[in-house]
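Notes for the structure review
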Amino acid sequence: MPDLDHFVLAILQSLVLLAAAPLVSGLSRVVRAKMHTRHGPGVLQDYRDLRKLMIRQDICPPAAGPAFRAMPVVMMAALLVIATGIPMVTRFSPLSACGDLITTIYLFALVRFFFALAGLDSGSSFASIGASRELTLGVLVEPVMLLSLIMAALLAGSTDLGAIGAAIASGQVQSIMATVLAAGAFAFAVYIELGKLPYDMAEAEQELQEGPLTEYSGPSLALVKWSMALKQTIVVAWFVGVFLPFGSAVDFSPSGLAIGLLGFVAKIVLIFVVVGVVENSVSRVRFRFTPRHSWFGVGFASLAFVFYLVGL
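Owing to the predicted nature of the structure, the values given are computational and were not obtained by experimental measurement. (Residues numbered from 1 in each chain as written. Predicted model: local features only at pLDDT ≥ 70, side-chain atom pairs only at ≥ 80, totals over all residues. Heavy atoms only, no water.)

This part covers the side chain of Gln-232. With respect to the element layout, Gln-232 can be found in helix H8 (residues 218-243). Aside from chain neighbours lying at most four places away, what touches Gln-232 is Leu-194 and Phe-272. (Helix = DSSP H or I, 4+ residues; strand = E, 2+ residues; numbered from the N terminus. Contact = heavy atoms within 4.5 Å.)

So this is what it looks like as structure tokens:
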């Protein structure tokens, strides 16, 4: 059982991520606007959008089933559970039960499953096509993330995310090259998961990318959009906690936690700025080309396994 300090830290970091998710999404919009040499919306625009949706009427399609109604709550709840276990500020998981590699992967799969299931359960043909697209993307991206994380677990000798990050930070991994390749494969999968160009477009509300959201409105739509922003933030935090744990706190000292928090914020901001620059430097491609590119991630993860076997 976790002690009180670990439990409080887990709750605090999940609430902080929940509150900051729209701000991080707004940062991406600002970077995109600056790259396009236009003013664009401010970093607080997502908060205003959520507030407007919260006060509007929540309309449910007559053909919608229980999965459609439950998805916003299930998606938000699963993401908050994931946030409690990721080692973000510290080099250890606040809740080890939620910070296990297998548990985290299953929770992310649960989020994607309910997101796609809600589209199928809405009774809308457009939403069903978007749900099929979401499942296809999961088949392409999740194996890359799984392979790279399994490689990191083999190198660290543990499936605990905090233990993996601590081993990488202290240089106790068996193969530096294998770690770098696994981190590269995971970063590639994270980029696709963020819904950025050339594979997706984060604001394609009227396209198949967000097809499952077609029938949502009012507070339900606000909750789903908030969950999607939270998911993007958590995925990047996942990468930072496992592969970039440098500067994180090793104990509960106030100075260590403060330095760890500042370092985490700096890394998150830097990553989203880099992602914004890359996104606005490429053009969009057809979705059918995504499988060809996803093999790069599989290749990097497989090459990392080869380096692990030979001990390089």
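The discussion continues.
So, about a nonpolar patch on the surface. On the surface, a cluster of nonpolar side chains totalling about 650 Å² of accessible area is made up of Leu-146, Ile-150, Leu-154, Leu-303, Phe-305, Val-306, Leu-309 and Val-310. If you list the elements that add at least two residues to the nonpolar patch, you get helix H5 (125-156) and helix H10 (290-310). Here the nonpolar patch takes 5 residues from H10, the largest share from any one element. The topology assignment puts Ile-150 in helix H5. (Patch = residues over 30% accessible without salt bridge, like charges linked within 9 Å, V, L, I, M, F, W, Y side chains within 5 Å. Areas by Shrake-Rupley, 256 points an atom, 1.4 Å probe, with all protein chains shown as cover. Salt bridge = Lys/Arg side-chain N within 4 Å of Asp/Glu carboxyl O.)

Moving on to empty space enclosed by the protein. The full count for this structure, using the stated rule, is 2 cavities of 30 Å³ or more. There is about 120 Å³ of room inside the second largest cavity. The wall of the second largest cavity is formed by Ile-105, Phe-108, Ala-109, Arg-112, Glu-142, Met-145, Leu-146, Leu-149, Glu-193, Lys-231 and Trp-238. Listed by contribution, the elements that provide at least two residues to the lining of the second largest cavity are helix H4 (101-121), H5 and H8. Split into classes, the residues belonging to the lining of the second largest cavity amount to 7 nonpolar, no polar and 4 charged. (1 Å grid on protein atoms, 1.4 Å probe; cavity = no way out; pocket = protein on both sides within 12 Å on 5 of 7 lines; lining within 4 Å. Points joined across faces, edges and corners; volume = space filled by probe spheres on them. Nonpolar A, V, L, I, M, F, W, Y, C, P; charged D, E, K, R; others polar.)

Attention shifts here to a positive patch on the surface. On the surface, Arg-48, Arg-51, Lys-52 and Arg-56 cluster together into a patch of positive charge. Here Arg-48 is to be found in helix H2 (residues 45-54). Owing to a relative accessible area of 35%, Arg-48 belongs among the partly exposed residues under this scheme. (Lys, Arg positive; Asp, Glu negative; His and termini not counted. Charge placed at Lys NZ, Arg CZ, Asp CG, Glu CD. Buried < 20%, exposed > 50% of the residue type's maximum accessible area, 1.4 Å probe, protein only.)

This part covers the packing of H4 against H8. Remark: H4 packs on H8, axes separated minimally by 13 Å, with the N-to-C direction vectors making an angle of 155°. Taken together, the axes of H4 and H8 lie roughly antiparallel to each other. Crossing handedness for the pair H4 and H8: left-handed. Where H4 abuts H8, its residues Thr-104, Ile-105, Phe-108, Arg-112 and Phe-115 lie against Val-224, Met-228, Lys-231, Ile-234, Val-235 and Trp-238. (Axes fitted to C-alpha atoms, helices over the stretch in contact; angles between N-to-C directions. Parallel < 35°, antiparallel > 145°, perpendicular 65-115°, else oblique. Left-handed = near helix turned anticlockwise from the far one by under 90°.)

A separate point is the nonpolar core. Grouped together as the largest cluster of nonpolar side chains are 74 residues, with contacts concentrated most on Ile-234, Trp-238 and Phe-243. Considering each element in turn, this core owes the most residues, 14 residues, to H8. Apart from the residues lying within four places of it in its own chain, the contact partners of Ile-234 are Leu-17, Leu-79, Ile-82, Ala-83, Ile-86 and Phe-108. (Core = buried A, V, L, I, M, F, W, Y, C linked by side-chain atoms within 4.5 Å.)

What follows concerns the packing of aromatic side chains. Scanning the model with the defined rule gives 9 aromatic pairs in all. Measuring from centroid to centroid gives 4.0 Å for Phe-68 and Tyr-216, while their planes differ by 10°, and the two rings are stacked. Here the residue Phe-68 occupies a position in helix H3 (residues 66-85), and Tyr-216 occupies one in the loop between helix H7 (176-193) and H8, the gap between them amounting to 148 residues. Phe-68 gets classed as buried once you look at its relative accessible area, which sits at 3%. Their ring planes at 40° and their centres at 5.6 Å tell us that Phe-186 and Phe-243 sit as a pair that is tilted. Here Phe-186 is found in helix H7, whereas its partner Phe-243 is found in helix H8, with 57 residues between them in sequence. By the burial criterion, Phe-186 is buried, and Phe-243 matches it. Grouped by ring-pair contacts, the aromatic residues Phe-108, Phe-186, Trp-238, Phe-239 and Phe-243 constitute a single cluster. (Phe/Tyr/Trp six-rings, centres within 6.5 Å; stacked < 30°, edge-to-face > 60°.)

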